[in-house]
Amino acid sequence: MLPEIEQYFRLEKLPHMWCPGCGNGIILHSLVKAIDKLCLDQDRTTMVSGIGCAARASGYLDFDTLHTTHGRALAFATGVKFAKPELNVFVLTGDGDCTAIGGNHFIHAARRNINLTTIVFNNNIYGMTGGQYSPMTPNSCRATTSPYGNLERPFNLTELAIAAGATFVARTTTYHTKQLTDLIIEGHKNKGFSLIEVITHCPTSFGRQNKMGTPADMLKWQRDHGISAMRYENLNPEERADKFIIGVLHKTEAPEYTTEYQKLLEKLG
Amino acid sequence: MSTEPRLIQGNEACAEGAIYAGMRFYAGYPITPSTEIAEILARRLPQVGGKFLQMEDEIASMAAIIGGSLTGAKVMTATSGPGFSLKQENIGYACMAEIPCVIANVQRLGPSTGVATAPAQGDVMQARWGTHGDHPIIALTPSSVREAFELTVRAFNLAEQFRVPVILLMDEVVGHMREKVTLPQPGEFPVVNRVKPTCSRENYYPYKADGDKTPPMACFGEGYRYHVTGLFHDESGFATEKPEIIDWQLKRLHEKINQHLDEIITYTSEETEDADLVVIAYGGTARAVSRAVKLARQEGRKVGIFRPQTIWPFPEAAIGELAASGKKLLVAEMNYGQLLLEVQRVAAGRSEVHSCLQSNGELTQPDVILTKIREVYEHAPGN
Ligand SMILES: Cc1ncc(C[n+]2csc(CCOP(=O)(O)OP(=O)(O)O)c2C)c(N)n1
Ligand code: SF4
Ligand SMILES: [Mg+2]
């Protein structure tokens, strides 16, 4: 581990509990690099996570860390941020955690435009419980609860976030680690609700059940399918079919909830 | 605060009691008959620099207050039956992670949506066992407007002292009833704040407790950089599956309450000394019972009333004493017999235990209770 990022880890808690080849560690690495570049005060930064493989991330990080209940990370984080707006609050959540059981909290946190930096570890599956399909599992993909292929349609999470009112929305993959760091930095600088969806590889469940090969093969898949908006523009509809855009997808300004509340307090005080 | 008596509702007394106790963070979702608490606090909290948040549902409300509490704020939420059900998972989280918070449940008739505006006391056992797994709980139950204020303050004091969720088990009668009360002045009532660590970050073990079993609690953002989880954890706060540590933690969670039962449990008893029959009642029902007991006394029957203010932990010692004295016991409550089960358990055959139960959306009337008193009083044991 690079010495400049060591300080952000609880080294005594490592090695982590994730499977060999899991993408989650890559996200963590990009996250702490972003925090380092942002020069955030470690004592005034809180990591809030839900339940799942992804959500275990909080325990490895040397900040105030809150490992909550399944799906509720954003609701706990809203409490932390609203009570103490001066804290930097990051939310680390899985695709199931955020979009299934936590879907309601997700759209409402976005609607409030509360200043939380939310990183969704999207491995397209419920990893921790052994590989059941999630609202982010693509149609026809296999999971232990869709043995004949998934009949449901997945969310377009970034579109959902935009529609709900998020003011910074981006997507990337665990292949594009430098971009991930940059997006976290930009997302954190946004004064409002920021979503960074990270397509990550779960070789143990999603990869194995869908015959995606080794972790390296899954990373190559990400490299070949996640493309910039500019490249996407130049593709014909057929070529676009299995591609997705990475980078900043949406950026706007809107009143931030805790700031608006502060204004109210000042007006009344 | 004004020294003039004011005509206020139980729900308003609860809101004012919370502010008096130092509560500055509320998150909730509206539901009858608790909604006034939210409405009053939406107006009052910003006036005193506090935070009011209407969340998207009760699960989120419970989560948000736990987050708020971790930053050092005194926090509360208020709800009623259906919402109380939704809060249960995160109430368990607060038990496990030892997060001070107060949950007011203004009971209404259930199950399910039931009748939104009808009084009931059907959540007594849910308050005790609503969340999964073994856990201790504190629940207080007021029976007047003044007491709604006092027990709300007490609920915060206990939550802060023991780092636990405390349930304020109100009912529709007490929540909506109006009475003239003079609210206490600042300083008149003790207000307790949680103990914070004084040691350095290196020496801070968030779940290491001394003799009283309640560990000091650091605030997020103050440099302690610690971990909080709903998983079983060791003194450092990190997850463990070691049976001996699980055993240590679960025992400590219970001991921190059980070692302090004398402080936590309060009740009132009137005319029980010479009584042959003691009626046990709480909340709204206790008001009708008081009236019935008075009438029974006028008829020459030696009847008293025992009224728990702390419903959980159950006032086992006091009720055990009544049972040991051989007095007949009559439990009156607006449900199908929830506290009754506890009284029967504690009486353990030492005294007769009777009941006057009603769960039809109406407050039990004094004459119904009086009729039951006469019946039980006249009846020889064993008949
Ligand atoms: C209320 C509740 N329901 C179900 C579970 C079981 N559970 C734990 S993790 C999980 C899925 C996690 O999936 P995801 O959020 O995608 O995280 P991943 O493990 O894939 O990183 C489920 C269903 C739970 N812990 N709590
Ligand atoms: S199950 Fe998948 S997501 Fe979970 S640790 Fe293993 S590889 Fe990672
Ligand atoms: Mg997942």
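Predicted, not measured: the structure shown is a model, and the values here were computed from it. (Residues numbered from 1 in each chain as written. Chains lettered and ligands numbered in written order. Predicted model: local features only at pLDDT ≥ 70, side-chain atom pairs only at ≥ 80, totals over all residues. Heavy atoms only, no water.)

(A) Spatial organisation of the interface of chain B and chain A. At the interface, 40 residues of chain B touch 38 residues of chain A. Seen at the junction of chain B and chain A, the total is four salt bridges. Mapped onto the side of chain B that touches chain A, the elements with two or more residues apiece are α2 (35–47), β3 (51–54), α3 (58–70), α4 (81–97) and β10 (227–229) of chain B. Among the elements that make up the side of chain B that touches chain A, the one with the highest residue count is α3 of chain B (eight residues). (Contact = heavy atoms within 4.5 Å. Salt bridge = Lys/Arg side-chain N within 4 Å of Asp/Glu carboxyl O. Helix = DSSP H or I, 4+ residues; strand = E, 2+ residues; numbered from the N terminus.)

(B) Expanded view of the sheet that holds strand β15 (residues 328–333) of chain B. Residues and elements named next belong to chain B. The strand order across the open sheet built from five strands is β11-β13-β12-β15-β16, with neighbouring strands paired in mixed fashion. Two strands bound the open sheet, and with one partner strand each, they are β11 (267–270) and β16 (353–357). Along the sheet, successive strands turn relative to each other by an average axial angle of 20°, direction set aside. Sheet contacts for helix α10 (residues 283–298): β12 (277–280), β13 (303–308) and β15; angle to β13, the most-contacted strand, approximately 165°. Those strands touched by helix α11 (residues 316–324) are β11, β12, β13 and β15, and its axis lies near 160° from that of β13. (Pairing = 2+ DSSP bridges. Axes fitted to C-alpha atoms, helices over the stretch in contact; angles between N-to-C directions.)

(C) Molecular detail of the sheet that holds β10 of chain B. If you walk across this open sheet you meet the eight strands as β9(A)-β5(A)-β6(A)-β4(A)-β3(A)-β1(A)-β2(A)-β10(B), and the pairing is mixed. With partners counted over all chains shown, the strands left at the sheet margins are β9 (247–251) of chain A together with β10 of chain B, one partner each. Each neighbouring strand pair of the sheet contributes to a mean axis angle of 15°, computed without reference to strand direction. For strand β5 (residues 168–173) of chain A and β9 of chain A, the ladder comprises four bridges, and the chain directions are antiparallel. For A170 of chain A, the partnering residue across the bridge sits in β9 of chain A and is V248 of chain A.

(D) Quick peek at the state of the cysteines. According to the stated counting rule, one finds zero disulfides over all chains in the structure shown. Sulfur of C219 of chain B: no disulfide; nearest cysteine sulfur belongs to C199 of chain B and is 13 Å away. (Disulfide = S-S within 2.5 Å.)

(E) Examining the site of ligand 1 more closely. All names here are of chain A. What surrounds ligand 1 is a group of 17 residues, the closest being C53, D95, D97, G127 and M128. The contact in question runs from an oxygen atom of ligand 1 to an N or O atom on the backbone of D97, over 2.6 Å. Between ligand 1 and N123 there is a distance of 3.0 Å, counted from an oxygen atom to a side-chain nitrogen or oxygen. Taking 600 Å² as the accessible area of ligand 1 by itself, protein coverage stands at 76%. Per-element accounting of the shell around ligand 1 gives the leading share, four residues, to helix α4 (residues 95–101). The class makeup of the residues in the shell around ligand 1 is seven nonpolar, seven polar and three charged. (Near = heavy atom within 4 Å. Polar contact = N/O pair within 3.5 Å; in protein donor to acceptor, adjacent residues only side chain to side chain. Areas by Shrake-Rupley, 256 points an atom, 1.4 Å probe, with all protein chains shown as cover. Nonpolar A, V, L, I, M, F, W, Y, C, P; charged D, E, K, R; others polar.)

(F) Main features of the site of ligand 2. Residues in contact with ligand 2, as listed here, are W18, C19, C22, C53, N123, G127, C202, P203 and T204 of chain A. Per-class residue counts for the shell around ligand 2 are six nonpolar, three polar and no charged.

(G) How the structure looks around the pairing of strand β8 (residues 165–171) of chain B. All names here are of chain B. Of all seven residues that make up β8, seven are buried, and the element is covered over most of its length. Burial along β8 is two-sided: P165, I167, L169 and D171 and V166, L168 and M170, pointing in opposite directions, are all buried. Looking at chain direction, strand β5 (residues 101–109) and β8 are connected through seven bridges and run parallel. For I103, the partnering residue across the bridge sits in β8 and is I167. (Buried < 20%, exposed > 50% of the residue type's maximum accessible area, 1.4 Å probe, protein only.)

(H) The coordination of the magnesium ion (ligand 3), seen in detail. Residues and elements named next belong to chain A. Coordination of the magnesium ion (ligand 3) by the protein comes from D95 (OD), N123 (OD1) and I125 (O), over a distance range of 2.0 to 2.1 Å. Written as a sequence motif, the donor residues of the magnesium ion (ligand 3) are D-x27-N-x1-I. Of this pair, D95 sits in helix α4 while N123 sits in the loop between β4 (117–122) and α6 (157–164), and the two are 28 residues apart along the sequence. Of the two residues, D95 and N123, both sit in the buried class. (Donors = N, O, S within 2.8 Å, 3.2 Å for Na, K, Ca; no water.)

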